[in-house]
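Structural description and commentary
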Amino acid sequence: MIYLLKKLDKIVLTSSDEYNTFIKKYNFKKEKLFLINNSIDLEKLDFYKDEPIEDVTFDNFTFINIARLTYQK
């Protein structure tokens with residue numbers, strides 16, 4: 001997995017812990033990493049969790065990959 005990640009131009013991370021791990025443990029250059037702190041308001045999310053979803057369109061294509069670098073099974 002790390003071998004493939006090292007071939008990418010940029011990697012976006014969502015926490016400073018991840019950022020530091022990529023630098024210290026995996027020896028990534030800072031120039032390849034981009035940090036965007038997770039900005040999800042958990043209280044707001046919890047408040048709206050049971051609201052129905054309306055007027056959703058899929059006119060545009062957006063690809064998002066969310067993953068973690070841990071062995072699960």
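Keep in mind that this is a model prediction, so the values were computed, not measured.

**Here we look at the packing of aromatic side chains**
- Enumeration over the complete set of coordinates arrives at three aromatic pairs.
- Ring centres of F22 and Y26 lie 5.7 Å apart, and the angle between their planes is 70 degrees; this geometry places the pair in the edge-to-face category. Taken as a pair, F22 and Y26 share a single burial class, namely buried.
- Pairing F47 with Y48 gives two aromatic rings, centres 4.9 Å apart and planes at 90 degrees, and the pair type is edge-to-face.
- For Y48, a relative accessible area of 44% gives the class partly exposed.

**Let's talk about the pattern of salt bridges**
- For the structure on display, the rule yields one salt bridge.
- For D46, the salt bridge is made with K49, and the minimal N-O distance between the two is 3.1 Å.
- Assessed through its relative accessible area of 46%, D46 is described here as partly exposed.

**Observations regarding the confidence of the model for the protein**
- Per-residue confidence for the protein gives a mean pLDDT of 82; residues scoring 70 or more make up 86%.
- Mean pLDDT values over the elements of the protein span from 82, in helix α3 (residues 42-48), up to 93, in strand β2 (residues 33-35).

Each value, and the rule that gives it
- Residues numbered from 1 in each chain as written.
- Predicted model: local features only at pLDDT ≥ 70, side-chain atom pairs only at ≥ 80, totals over all residues.
- Heavy atoms only, no water.
- Phe/Tyr/Trp six-rings, centres within 6.5 Å; stacked < 30°, edge-to-face > 60°.
- Buried < 20%, exposed > 50% of the residue type's maximum accessible area, 1.4 Å probe, protein only.
- Salt bridge = Lys/Arg side-chain N within 4 Å of Asp/Glu carboxyl O.
- pLDDT = per-residue confidence, 0-100.
- Helix = DSSP H or I, 4+ residues; strand = E, 2+ residues; numbered from the N terminus.

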